Amino acid sequence: MSSMGEAIRTTCPYCGVGCGVKVTVDADGQAQVAGDESHPANYGRLCSKGAALGETLSLDDRLLYPEIAGRRATWDEALDAVAAGLRRVLTEYGPDAVAFYVSGQLLTEDYYVANKLMKGCFGSANIDTNSRLCMSSSVAGHQRAFGSDTVPGCYEDLEEADLVVLVGSNLAWCHPVLYQRILAARERRGGKPKLVVIDPRRTATCEAAETHLPLKPGSDTALFNGLLVHLYQQDRLNPEFLDQQVAGFWAAYQAAKAVAPNVPTVAVKTGLPESAIAEFYGLWGRTRKVVTVYSQGVNQSSYGSDKVNAIINCHLATGRIGQPGMGPFSVTGQPNAMGGREVGGLANQLAAHMDFAPEAVERVQRFWQAPAMATRPGLKAVELFQAVADGNIKALWIMGTNPLVSLPDADAARDALRRCPLVIVSDAVADTDTVRLAQIKLPALTWGEKDGTVTNSERRISRQRAFLPPPGEAQPDWWAMTQVARRLGFGALFPYESPAAIFREHAALSGFENTAYLPRPPAGEGWGEGGSRRDFDLSALADLTDDGYDALQPVQWPLPRSATTGAARLFGEGGFFTADGRAKCVAVGERTPAYAVDDSFPLMLNSGRIRDQWHTMTRTGKTARLTGHIPEPYVEIHPVDALACGVSENALARVHSRWGEVIVRVRTSADQQPGCVFAPMHWGSPLAPRGRVNAAVNPVVDPLSGQPELKHTPVRVQAYRPSWHGFLLCREAIEPPSVAYRVSVRERACWRYELAGEALIDNWPDWARTLFGDDPGWEWLEFADAGTGRYRGAALAEGRLHACLFVAPSHELPPRGWLAGLFTPAELGPVERACLLAGRPGQGQRDGGRIVCACFGVGLNTLTTAIRDQGLTTPEAIGATLKAGSNCGSCIPELRQLIAQG
Ligand code: SF4
């Protein structure tokens, strides 16, 4: 924890870029957040989410005390109840009736303890993580190709490349600092690297790209199989590397040729013009320094592993791996997805990058002195919740994640949890869809309070350090699990009193009987007897003192005992972690999404993330700075499809699938391909009860990786026509009304509730008073027209706006921005009072419009007016005039779009 005024260096808790953050707590206890210029992930940059971290630290929504069956309990009572419940299920039903569902938000030390307890003491591998939903296909692809789950390169490769290909990645929104590093490198290097974006929809990432290839959803394997064929036929392979370091090329080539023999065939399968494909293949083939970055658009598929291997095949065949500026590069969604992979937090990994081979199980058993080792993989996320639904899992401990929003077929997951005899949830937040169904709630620490390590997408381990005291009775997750383990009789294995002690053990296990970094035999001669070769080795840190742990600087693994620095790259000279040391090209055949569109469900739903929100919004939903950009859940649809579906801009729509339904706002955009729609996955019931998009998403998984196909669900979009639409702004949070559609939005000086109802309200003035109260001292301004179903009412307390409600029979209502701004002044002036019920600014006043620049609160109307009237033609000119885009830079792609639109 910091003493006042001293800067603490920690890491951002959001995406897998893993930016370094400097935090100073001022005299008022407010945290000032800045990018850490010494951190190699970001060198001082932060995106909009990272920059707003200081505004997410309030305690108003926190779970601060343990609860059992809805009543406050002591920690002793809660831990006794957890231990008794787990013991009962273990005794009556055996180890596989118990499961942990954990999170890429956990620190490595939390993860390590959870994994050891489940796999070494319960004797089951039923521990899986929400990282399963994010990048497990990359894990499976890496393991097939390299014999290990290794990211071969580093962030500098993206700057040193001459060509960066982004596949299924909206890097500008989902990994903004990495995107900005690429753009900054282009400035320095005269336009290199060139940028090619492969994505069915035109995203913000495309704004700075030379080429956007809007392929048909799911046709990535055809495109990269075609590339492999092209590379062979155009003599672009690296015969020496292939011969000495790679196996399986010929089979992979034959498989690729069978499905993608030439450009015209690839054009039919991908829907891309032949000329665009030929140009891309030519560029890729003749550019030696190529990095292919891929993310959820590749991973979240029923054949995500094949997509990954189709990409890796091209890099292996050309030897473009592990050298500066070249290689396949998986970017992870979460801050510690990589740490989870390292400890074995996925159900199909054992620990420290070991699998369930008998010798690995025996080795880990000896290291842990474990009483009951898991001997086979456990259930992966989707099948784990299916086992809960089937009654085979009877006790589930969920830590730091909200699966009832993030899992596909989320309503089925909710039903499963309702039937589960014992649900324990460790969380920092008091109200989420998942916490609501917990019988035992354990208050956890969150960012700013946690202390431990995380690993980012380039294998870099960084410290997350506490700068705030634990609030209420919240405790670290590793502590809660350790206490339970001791109650279950495993105390000798869980002696930990600090995260440093856990980290030392984790590092020691990584190096235990690990021969990988000992002198190697020549390639192809095998690796001898005894021990095992494992990529993951941190044994240089196994004897770290507590002070050394506190001072630990960001470092990449591998870091074997002999090493003084980590390795930026692997595999440049081969040395893969297969039995013969050679990588494998994997034969990838014809693959398409599990469910095709049809007459009943004619549109393909792609679910994903937006710029300023993170996961299920438990942090980012707390600050108006981040909710202003996109305040409501939405479906984005091509204008032609919108017309066919009978929906229009800003109206409400039902999005149905075979699995469920949501009601969301409509955004029409030609950035969508006809036939495809996009919807963000962030909203849960506390903020938007009908906006949980994953309720409509199919639960099909990749059979190898277990990753669900979150990008491809056939849906139908239909107009939703409630009896009335409305919005309510109130200075304080209220108990929102139970109506057909409701979204709660944090504004800077008030709360906003977007509403729509099917049941007619008899008396709007009464309804308004029921919702935001009535005080004899308040002044009411009201307009009601019962004939047309319109009502506008505002309550003023001592001249200040307290609340207002606007209702109409259609969604055509005034913009909210100007009205929300009226909550800031101490008193409304005469012009504002006069315009209040019109809902629009009067003469001389401005409505800035929807927020585009989160850092400086610059709105769309302000920007478009300035671009038009002042002739601003570059983001730099906008920055100089309005400041927009001049801090974190996350909005620059949108600024470019606005400039292009004139
Ligand atoms: S890019 Fe943004 S969200 Fe990701 S780690 Fe950096 S600051 Fe955090």
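Quantities reported herein were computed from a predicted structural model and do not represent experimental measurements.

What counts, and at which threshold
Residues numbered from 1 in each chain as written. Predicted model: local features only at pLDDT ≥ 70, side-chain atom pairs only at ≥ 80, totals over all residues. Heavy atoms only, no water. Pairing = 2+ DSSP bridges. Helix = DSSP H or I, 4+ residues; strand = E, 2+ residues; numbered from the N terminus. Contact = heavy atoms within 4.5 Å. Axes fitted to C-alpha atoms, helices over the stretch in contact; angles between N-to-C directions. Buried < 20%, exposed > 50% of the residue type's maximum accessible area, 1.4 Å probe, protein only. Parallel < 35°, antiparallel > 145°, perpendicular 65-115°, else oblique. Left-handed = near helix turned anticlockwise from the far one by under 90°. Nonpolar A, V, L, I, M, F, W, Y, C, P; charged D, E, K, R; others polar. Salt bridge = Lys/Arg side-chain N within 4 Å of Asp/Glu carboxyl O. 1 Å grid on protein atoms, 1.4 Å probe; cavity = no way out; pocket = protein on both sides within 12 Å on 5 of 7 lines; lining within 4 Å. Points joined across faces, edges and corners; volume = space filled by probe spheres on them. Arc of directions from axis to C-beta. Near = heavy atom within 4 Å. Sits in = over half its atoms within 2 Å of the grid points. Phe/Tyr/Trp six-rings, centres within 6.5 Å; stacked < 30°, edge-to-face > 60°. Lys NZ or Arg CZ within 6 Å of the ring centre and 35° of its normal. Lys, Arg positive; Asp, Glu negative; His and termini not counted. Polar contact = N/O pair within 3.5 Å; in protein donor to acceptor, adjacent residues only side chain to side chain.

**Observations concerning the sheet that holds strand β14 (residues 395-399)**
- Pairing is mixed across the open sheet formed by seven strands, whose spatial order is β5-β4-β16-β15-β14-β6-β7. Every other strand in the sheet has two partners, leaving β5 (71-72) and β7 (127-129) as the edge strands with one partner each.
- Its contacts with the sheet put helix α2 (residues 75-93) on β4 (67-68), β5, β6 (98-102), β14, β15 (422-427) and β16 (440-443), and the angle it makes with β16 is roughly 130 degrees.

**A few points about the pairing of strand β3 (residues 31-35)**
- Here strand β2 (residues 20-25) runs beside β3; their pairing, made up of five bridges, is antiparallel. Each bridged residue has a counterpart across the sheet, and for K22 the counterpart in β3 is A34.
- Hairpin connection, β2 to β3: the antiparallel pair is bridged by five residues, and G29 has positive phi, about 80 degrees.

**Quick word on the pairing of β14**
- Burial of β14 is extensive: five of the five residues sit out of reach of the surface.
- Bridging between β6 and β14 involves four bridges; their strand directions are parallel. Within the sheet, the bridge partner assigned to V98 lies in β14 and is A395.

**Here we look at the packing of helix α17 (residues 381-389) against helix α19 (residues 410-419)**
- Across the interface, α17 lies against α19 with an axial gap of 8 Å and an inter-helix angle of 45 degrees. Between α17 and α19, the crossing angle belongs to the class labelled oblique. The two elements α17 and α19 cross, and the hand of that crossing is left-handed. Contact residues: α17 offers F385, V388 and A389, while α19 offers A413, A416, L417 and R419.
- Taken together, the residues of the contact of α17 with α19 break down into six nonpolar, no polar and one charged.

**Quick word on the pattern of salt bridges**
- The tally for this structure, following the rule as stated, stands at 54 salt bridges.
- For the salt bridge of D80 with R487, the shortest nitrogen-to-oxygen distance reads 2.7 Å. A residue pair is termed long-range when its members are at least 10 positions apart, and D80 in helix α2 and R487 in helix α20 (residues 477-487) qualify at 407 residues.
- Taking relative accessible area as the criterion, R487 reaches 25% and is therefore assigned partly exposed.
- Beyond isolated ion pairs, a larger network of salt bridges with shared partners links E632, R665, E747, R752, E754 and R816.

**Considering the layout of surface pockets**
- Looking at the second largest pocket, its volume works out to about 1000 Å³.
- The wall of the second largest pocket is formed by 45 residues, among which D61, G621, K622, L687 and W751 lie closest to the centre.
- Of all the secondary-structure elements, those providing two or more residues to the lining of the second largest pocket are β3, β28 (741-746) and β29 (751-757).
- Ranked by residue count, the leading element in the lining of the second largest pocket is β28, at three residues.
- Across the lining of the second largest pocket, the residue classes break down as 18 nonpolar, 15 polar and 12 charged.

**So, helix α10 (residues 249-259)**
- Of all the positions in α10, only F249, A252, Y253, A255, A256 and V259 are classed as buried. Mapping the buried residues of α10 onto a view down its axis gives an arc of 165 degrees, with all of them on the same face.

**Here's the deal with the site of the ligand**
- Around the ligand, the neighbouring residues are C12, Y14, C15, G18, C19, L46, C47, K49, G50, P176 and V177.
- Structurally, the ligand is housed in the second largest cavity.
- Mapped onto the shell around the ligand, the elements with two or more residues apiece are α1 (48-51) and α7 (176-188).
- Residues of the shell around the ligand, tallied by class, amount to eight nonpolar, two polar and one charged.

**Quick word on the sheet that holds strand β9 (residues 194-198)**
- As summarised here, the arrangement of the five strands in space is β10-β9-β8-β12-β13, forming an open sheet in which the pairing is parallel. Lying at the two open borders of the sheet, with one neighbouring strand each, are β10 (211-213) and β13 (327-330). The average undirected angle you get between the axes of adjacent strands in this sheet is 20 degrees.
- When strand β12 (residues 290-294) meets β13, the two strands line up parallel, connected through four bridges. Residue pairing for β13: V291 is matched across the bridge by G327.
- Sitting on the sheet, helix α14 (residues 304-318) is in contact with β8 (163-167), β12 and β13, with an inclination near 170 degrees to β12.

**Some thoughts on the environment of A73**
- Looking at the element boundaries, A73 is found in the loop between β5 and α2.
- You can call A73 buried: its relative accessible area is 5%.
- Between the C-alpha atoms of A73 and L442, which are 369 residues apart in sequence, the distance is 9.7 Å.
- In this view, A73 contacts P66, E67, I68 and E473; residues no more than four positions away in its chain are not counted.

**Quick notes on empty space enclosed by the protein**
- Tallied over the full model, the rule gives three cavities of 30 Å³ or more.
- In this structure, the second largest cavity encloses a volume near 80 Å³.
- Lining the second largest cavity are C12, Y14, C15, V17, G18, C19, L46, C47, G50, P176 and V177.
- Split into classes, the residues belonging to the lining of the second largest cavity amount to nine nonpolar, two polar and no charged.

**What about the packing of aromatic side chains?**
- Taken as a whole and judged by the stated rule, the model has 35 aromatic pairs.
- Look at Y101 and F385: their rings are 5.3 Å apart centre to centre, the planes differ by 90 degrees, and that puts the pair in the edge-to-face class. Residue Y101 is located in strand β6, and its partner F385 is located in helix α17; the two are separated by 284 residues in the primary sequence. Exposure class is identical for Y101 and F385. Each is buried.
- Aromatic side chains F494 and Y496 sit 6.0 Å apart centroid to centroid with 85 degrees between the ring planes, which places their arrangement in the edge-to-face category.
- F494 sits in the buried class, given a relative accessible area of 0%.
- Clustering of aromatic rings is evident, with ring pairs tying together F146, F241, Y517, F571, F576 and F577.
- Above the plane of the ring of F494 lies K116, whose end atom (NZ or CZ) is 5.2 Å from the centre.
- Between K394 and the ring centre of Y93, over which it is positioned, the NZ or CZ distance is 4.8 Å.

**Remarks on α19**
- Taken together, the buried positions of α19 are A410, A413, A416 and L417. Projection of α19 onto a plane perpendicular to its axis shows the buried side chains occupying an angular sector of 110 degrees, all on one side. For α19, exposure combined with an orientation more than 90 degrees from the buried face picks out R418 and R419.
- Those residues of α19 hidden inside the fold are in contact with α17, β14, α18 (403-406) and β15.

**Here's the deal with unusual backbone geometry**
- Following K192, the chain continues to P193 via a peptide bond in cis, the omega torsion being 0 degrees.
- Residue position: P193 is located in the loop between α7 and β9.
- With an omega of 5 degrees, the peptide bond between W557 and P558 qualifies as cis.
- The residue P558 is located in the loop between β19 (555-556) and β20 (583-584) in this model.
- Of note in the backbone geometry, Y43 takes a positive phi value of approximately 45 degrees without being a glycine.

**Re the side chain of R742**
- Following the sequence through the fold, R742 ends up in strand β28.
- With no salt bridge to any partner, buried R742 finds its closest opposite charge in E735, at an N-O distance of 6.5 Å.
- Within polar-contact distance, the side chain of R742 engages the backbone oxygen of P686 at 2.8 Å.
- A distance of 2.8 Å separates polar atoms of two side chains, one belonging to R742 and the other to S744.
- Not counting the four nearest positions on each side in its chain, R742 is found in contact with S685, P686, L687, A688, P689, P736, P737, E754 and L755.

**Comments concerning the environment of R582**
- Here R582 lies in the loop between β19 and β20.
- Residues R582 and R846 lie 264 residues apart in sequence; the distance between their C-alpha atoms is 65 Å.
- If we ignore the near neighbours within four places in the chain, the residues touching R582 are L242, D243, Q244, Q245, V246, A247 and F576.
- Within the local environment of R582, its side chain forms a polar contact with the backbone oxygen of D243, the two atoms lying 3.2 Å apart.

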